[in-house]
Amino acid sequence: MKKIFFCALAAFSFFLFSCGKSNQLHAVSENALFNLSYGNFEDELNLFNLAKPGNIRTFITMRDGFFYIANGEAHKILELNSYGDLLSLYFNDEVLKDVAFAGKDSLNSTKKAVAYPFNTLGPVAVDARKYLYAVDTLPIERQERDENARLLLSSVVLRFDATGKFIDYLGQQGPGGTPFPYVKNIYTTQENELVVVCTTNDGLTAYWFSTKGFLLYTIPVTQNTVPKVQREDSSEAPSYISIENIVPDSREHKLYVKVDYYMTSLDSSLKVQSGIDYYTTLLCPLNVDTGRYDEPLEIPSYEYSVTENLTKEIYNLPFDFLGVTENGWFFFIVPSDEGFVVQMVQPDGQRIVKRSLAVDHSKILYYTLSLSGNGIISALFVKNENAEAVWWRTDSLLASFINQ
């Protein structure tokens, strides 16, 4: 048992990974949708430099059956249907000069080509009005530094309306504001509000904007402000925590903060610290209007086993927080030997559903995942020969539980 207290913790976060063998789970069938070739044409992806050091700047999101792929390496964004037909192209015309699939009056046609001087693209999001939001990096001469917080402020969120017309860019204070620090992800709500989640040296900060782009809230989430966990049988508290992700609720002004807690382990013979062990994970609902946390939800860990010399060891790892659906189900995911294990948790925590997603990791050079509001997991798999878009209809699985 664990007791939960709302008080401060010292800051330290780190990356932990390993591999092991998961328990046998029922699988969700993958639906392969379409492939994209590599190249420099408008309907191709530029992913030729995966072997070079640095971040890969290609991301996918899906809404209402339409896929939006930001290919930062080619300075463009593609909108495609589930058959892979290119419907819209947002592109830097200094990089992609000959666009043939849409005419000059493309804003009034079914297909459209929109020129914009993208620099280094990041995540994308789309709201119910089909407004497109895209993270981009400013040129070096327009970037700023926050000396107090020790942050480089270099990112903005571009806004395009449903016709493809550029509206403006958002910074920390709203239209034309101070650039953001590194943007982890962006989200839209059912009210067509935008939430920008940024990484800081102390944790994460969420910026919540109105439909018109005006700043509603700035919510810093740090290691000192998240709920504290303490063992019931000991006064010892977790030594290290990691604020892994923040995802907004689609209906209410609420953030879900996923926090992983770790304990120092001691060598009993030498009486010295021998390592750091994962302890537990909490999903902490933060009421943005009041600034208070509601009762946290403990999230079961991913268990994997390793057998060596007839000895079986079981280890625990935290899941990654993928997102939350419009009906409130929380999605968590972790890579496994067989592909991925997805864990779906009911809002009250009463029902937990685990399924496997069969994926051959040996054939994948890079992947990006996305969760839609109705509970469909989409992925873009970058392979040697091409890039493949797939999805898993976990929405149908959840519907079967809701109707019970």
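Please refer to the structure higher up on the page.
What you see is a predicted model; the values in this text were computed from it and never measured.

Cut-offs applied
- Residues numbered from 1 in each chain as written.
- Predicted model: local features only at pLDDT ≥ 70, side-chain atom pairs only at ≥ 80, totals over all residues.
- Heavy atoms only, no water.
- Phe/Tyr/Trp six-rings, centres within 6.5 Å; stacked < 30°, edge-to-face > 60°.
- Helix = DSSP H or I, 4+ residues; strand = E, 2+ residues; numbered from the N terminus.
- Buried < 20%, exposed > 50% of the residue type's maximum accessible area, 1.4 Å probe, protein only.
- Pairing = 2+ DSSP bridges.
- Core = buried A, V, L, I, M, F, W, Y, C linked by side-chain atoms within 4.5 Å.
- Contact = heavy atoms within 4.5 Å.
- 1 Å grid on protein atoms, 1.4 Å probe; cavity = no way out; pocket = protein on both sides within 12 Å on 5 of 7 lines; lining within 4 Å.
- Points joined across faces, edges and corners; volume = space filled by probe spheres on them.
- Nonpolar A, V, L, I, M, F, W, Y, C, P; charged D, E, K, R; others polar.

**Student:** So what exactly am I meant to see when it comes to the packing of aromatic side chains here?
**Tutor:** We describe a pair of aromatic rings using the distance from one ring centre to the other and the angle between the two ring planes. Following the criterion strictly, the structure yields 19 aromatic pairs and no others. Aromatic side chains Phe-67 and Trp-391 sit 5.8 Å apart centroid to centroid with 35° between the ring planes, which places their arrangement in the tilted category. You can see Phe-67 sitting in strand β4 (residues 66–71) and its partner Trp-391 sitting in strand β33 (residues 387–392), a full 324 residues away along the chain. Since its relative accessible area comes to 0%, Phe-67 is described here as buried. The class for Trp-391 is buried, based on a relative accessible area of 13%.

**Student:** In this structure, what is going on with unusual backbone geometry? I would like to understand it.
**Tutor:** What you tend to see is this: most non-glycine residues have negative phi, and most peptide bonds are trans. The phi torsion at His-75 lies on the positive side, around 60°, for a residue other than glycine. Considering the arrangement of structural elements, one finds His-75 in the loop between β4 and β5 (76–80). The backbone of Arg-150 shows a phi angle near 55°, a positive value even though the residue is not glycine. Within the secondary structure layout, Arg-150 lies in the loop between β10 (144–146) and β11 (151–153).

**Student:** I'm lost on the pairing of strand β6 (residues 86–91) in this one. Help?
**Tutor:** Looking along a regular strand, one sees side chains alternate from face to face of the sheet. Taken across its six residues, β6 has six buried, putting it largely inside the fold. Bridging between β5 and β6 involves five bridges; their strand directions are antiparallel. Directly across from Leu-78, in β6, lies its bridge partner Leu-89. Where β5 folds back on β6, the antiparallel hairpin that results is connected by five residues, among which Gly-84 adopts a positive phi of roughly 90°. Of the strand pairs in this sheet, β6 and strand β7 (residues 112–115) are connected by four bridges, and their pairing is parallel. Bridging from a neighbouring strand, Tyr-90 pairs with Val-114 of β7.

**Student:** What is the right way to read the nonpolar core from this model?
**Tutor:** In terms of nonpolar packing, the biggest core is built from 40 residues, with Val-221, Leu-255, Val-257 and Phe-330 touching the most fellow members. Here Val-257 is in contact with Val-221, Val-226, Ile-243, Asn-245, Ile-246, Leu-282, Leu-283, Cys-284, Leu-286 and Tyr-293, once residues within four sequence places are set aside. Residues Tyr-38, Ala-113, Ala-387 and Trp-391 belong to the second largest nonpolar core, which totals 24 residues.

**Student:** Please clarify how empty space enclosed by the protein should be interpreted in this entry.
**Tutor:** By rolling a water-sized probe across the atoms, one finds the places where empty space is left. Going through the model one piece at a time under the given rule, you end up with one cavity of 30 Å³ or more. Considered as a void within the structure, the largest cavity measures approximately 50 Å³ in volume. Around the largest cavity, the lining residues are Tyr-68, Glu-79, Tyr-90, Lys-112, Val-126, Lys-130, Leu-132 and Ala-162. Broken down by class, the residue content of the lining of the largest cavity amounts to five nonpolar, no polar and three charged.

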